[in-house]
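Observations on the three-dimensional arrangement
If you want the building blocks of each chain, they are given just below.
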Amino acid sequence: MVESLLDFLHIIFGQIDTTHYLVLSTIVFSIGVVGVLTRRNVIIILMSIELMLNSVNLNLVAFSDRLQDLSGQVFAVFVITVAAAEAAVGLGIVISLFRNKETVNVDQIDLMKG
Amino acid sequence: MEVFLFYTLAAILVVFAIFTVTARNPVRSALYLVSALLGMAGLFFLLKAEFVGAVQILVYVGGIMVLFLFVIMLVSVREVQGERRANRQWKTAVVLATVLSVELIFFVVGGADVFRTEAVKQGVITQIQTANTQNVGQMLYTNYLLPFEIASILLLVAMIGAVVLARKEL
């Protein structure tokens, strides 16, 4: 029992592995999922999406480090590009929504709800 | 040292990510997200990806988050005391997200043997160790030239789309 606990601690605090980064990115991604699914404010939902995209970047860079291959980092740069485009368009939609509906709460935006 | 740095940055990242998702005020949420993204940039530096870390700070923290703050200012809705910040399905959502994260962590940890670092690192070209930015740039302009150009077109389209969407008469 004690030995397995020591083993566990050694794995956790021994050397930083790719798995550490993967678990961290999983946790951050899940926090982003919670944000997207539970919040009412559109802007905070967009920020949670940014969080999720960033956690995927962490995965890409961690694997780039492990495989000693730069493609992962190049793809991380592309993901950042797409995130920037997504943020610009998303915020444009938020502005035009606010102009028409005077609200940024998702449960009051039900124009297409039949 | 690496262990200490990793856990410090990971703690910063996770704590500020939780604050981002739970904060009541959108401005605070954005500032917490800035801190979380800086922690993430530190992790990129720790992984010897200096270029991605610098791009993260410049584009995310310097560009996207400023855009977010501007939009929050433009659409500033008055803070209503005691207004719900979560929507109606939040209980289901939390349960589903917990299930998802447990499942993902289970698979990642279960497959940890595949990700042992020592196995791969020796004997392979060390193009990451030296002049990271130069190598990433070279790769962008040779192997990934077409995606690079497509990304620039995507940015142009997104810019035009944002301008059109935010116009007065739509």
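Residues numbered from 1 in each chain as written. Chains lettered and ligands numbered in written order. Predicted model: local features only at pLDDT ≥ 70, side-chain atom pairs only at ≥ 80, totals over all residues. Heavy atoms only, no water.

When its secondary structure is counted, chain B shows 7 helices and 0 strands. In sequence order, chain B lays out its α and β elements as α-α-α-α-α-α-α. Here chain B holds 170 residues, and the buried ones make up 32% of them. Accessible area for chain B stands at about 10,500 Å²; split by element, carbon and sulfur atoms hold 70% of it. (Helix = DSSP H or I, 4+ residues; strand = E, 2+ residues; numbered from the N terminus. Buried < 20%, exposed > 50% of the residue type's maximum accessible area, 1.4 Å probe, protein only. Areas by Shrake-Rupley, 256 points an atom, 1.4 Å probe, with all protein chains shown as cover.)

The next thing to look at is the interface of chain A and chain B. Taken together, the contact pairs 76 residues of chain A with 91 residues of chain B. Counting the surface lost from both chain A and chain B, the interface buries some 7,500 Å², and carbon and sulfur atoms represent 73% of this. At the junction of chain A and chain B, the tally comes to 0 salt bridges. Connecting chain A to chain B are 9 residue pairs in polar contact (both at pLDDT 80 or more). For the side of chain A that touches chain B, the elements supplying multiple residues, two or more each, are helix 1 (2-13), helix 2 (18-38), helix 3 (42-67) and helix 4 (71-101) of chain A. For the side of chain A that touches chain B, the element with the most residues is helix 4 of chain A, which contributes 24 residues. Each residue belonging to the side of chain A that touches chain B can be placed in one class, and the counts come to 45 nonpolar, 22 polar and 9 charged. (Contact = heavy atoms within 4.5 Å. Buried area = accessible area lost by both parts, 1.4 Å probe. Salt bridge = Lys/Arg side-chain N within 4 Å of Asp/Glu carboxyl O. Polar contact = N/O pair within 3.5 Å; in protein donor to acceptor, adjacent residues only side chain to side chain. Nonpolar A, V, L, I, M, F, W, Y, C, P; charged D, E, K, R; others polar.)

Time to look at the packing of helix 4 of chain A against helix 6 (residues 132-141) of chain B. Between two packed helices, the angle of one axis relative to the other and the distance separating the axes together describe the packing. For the pair helix 4 of chain A and helix 6 of chain B, the least separation of the axes is 10 Å and the interaxial angle reads 75°. Here helix 4 of chain A is positioned roughly perpendicular relative to helix 6 of chain B, judged by the angle of their axes. On helix 6 of chain B, the residues that touch Ser71(A), Gln73(A), Val74(A) and Phe78(A) of helix 4 of chain A are Asn132(B), Val136(B), Met139(B) and Leu140(B). (Axes fitted to C-alpha atoms, helices over the stretch in contact; angles between N-to-C directions. Parallel < 35°, antiparallel > 145°, perpendicular 65-115°, else oblique.)

Here we take up a nonpolar patch on the surface. Residues and elements named next belong to chain A. On the surface, Met1, Val2, Leu5, Leu6, Phe8, Leu9 and Phe13 cluster together to form a nonpolar patch covering roughly 820 Å² of accessible area. Within the secondary structure, Leu6 sits in helix 1. When its relative accessible area of 52% is taken as the criterion, Leu6 is described as exposed. (Patch = residues over 30% accessible without salt bridge, like charges linked within 9 Å, V, L, I, M, F, W, Y side chains within 5 Å.)

The next thing to look at is the packing of helix 3 of chain A against helix 3 (residues 50-74) of chain B. In contact at an axis separation of 12 Å, helix 3 of chain A and helix 3 of chain B are set at 175° when each is read in the N-to-C sense. Our classification of the angle between helix 3 of chain A and helix 3 of chain B gives roughly antiparallel. Across the interface between the two elements, Ile43(A), Leu46(A), Met47(A), Glu50(A), Leu53(A), Asn54(A) and Val61(A) of helix 3 of chain A pack against Val52(B), Gln56(B), Tyr60(B), Ile64(B), Met65(B), Phe68(B), Val71(B) and Ile72(B) of helix 3 of chain B. A per-class count over the contact of helix 3 of chain A with helix 3 of chain B returns 12 nonpolar, 2 polar and 1 charged.

Let us look at the pattern of salt bridges. All names here are of chain A. This model, assessed by the stated rule, comprises 1 salt bridge over all chains. A salt bridge links Arg40 to Asp107; its shortest N-O distance comes to 3.0 Å. Of this pair, Arg40 sits in the loop between helix 2 and helix 3 while Asp107 sits in the segment after helix 4, placing them 67 residues apart in sequence.

Residues and elements named next belong to chain A. For Gln68, which is not glycine, the phi torsion reads 55° and is therefore positive. Tracing the backbone shows Gln68 in the loop between helix 3 and helix 4. The buried category is assigned to Gln68, whose relative accessible area is 4%.

This part covers the packing of aromatic side chains. Overall, the coordinates contain 9 aromatic pairs over all chains when judged by the stated rule. With a centroid separation of 4.8 Å and an interplanar angle of 75°, the aromatic rings of Tyr21(A) and Phe6(B) are classed as edge-to-face. Of this pair, Tyr21(A) sits in helix 2 while Phe6(B) sits in helix 1 (residues 2-22), on two different chains. Aromatic pair Phe75(A) and Tyr144(B): ring centres 5.7 Å apart, planes at 85°, arrangement edge-to-face. Here Phe75(A) is found in helix 4, whereas its partner Tyr144(B) is found in the loop between helix 6 and helix 7 (145-165) on a different chain. Taken together, Tyr21(A), Phe6(B) and Tyr7(B) form an aromatic cluster joined through their ring pairs. (Phe/Tyr/Trp six-rings, centres within 6.5 Å; stacked < 30°, edge-to-face > 60°.)

The next subject is the nonpolar core. Within the largest apolar cluster, 52 residues are counted, with the highest numbers of intra-cluster contacts made by Tyr21(A), Leu24(A), Met47(A), Leu43(B) and Phe68(B). Taken together, the elements giving at least two residues each to this core come down to helix 2, helix 3 and helix 4 of chain A together with helix 1, helix 2 (26-46) and helix 3 of chain B. Formed by 8 residues, the second largest nonpolar core is a distinct cluster that contains Phe78(A), Met139(B), Leu140(B) and Ala151(B). (Core = buried A, V, L, I, M, F, W, Y, C linked by side-chain atoms within 4.5 Å.)

This brings us to helix 3 of chain A. Residues and elements named next belong to chain A. Given a rise of 1.5 Å per residue, 26 residues ought to cover 38 Å, and the 38 Å separating the end C-alpha atoms of helix 3 matches this to within 8%. With 19 of 26 residues buried, helix 3 lies mostly within the body of the structure. The distance from a side-chain oxygen at the start of helix 3 to the backbone nitrogen of Ile43 is 3.0 Å, and the residue carrying that oxygen is Asn41. Just downstream of helix 3, Gln68 is the residue with a positive phi angle, here 55°. (Expected span 1.5 Å × (residues − 1).)

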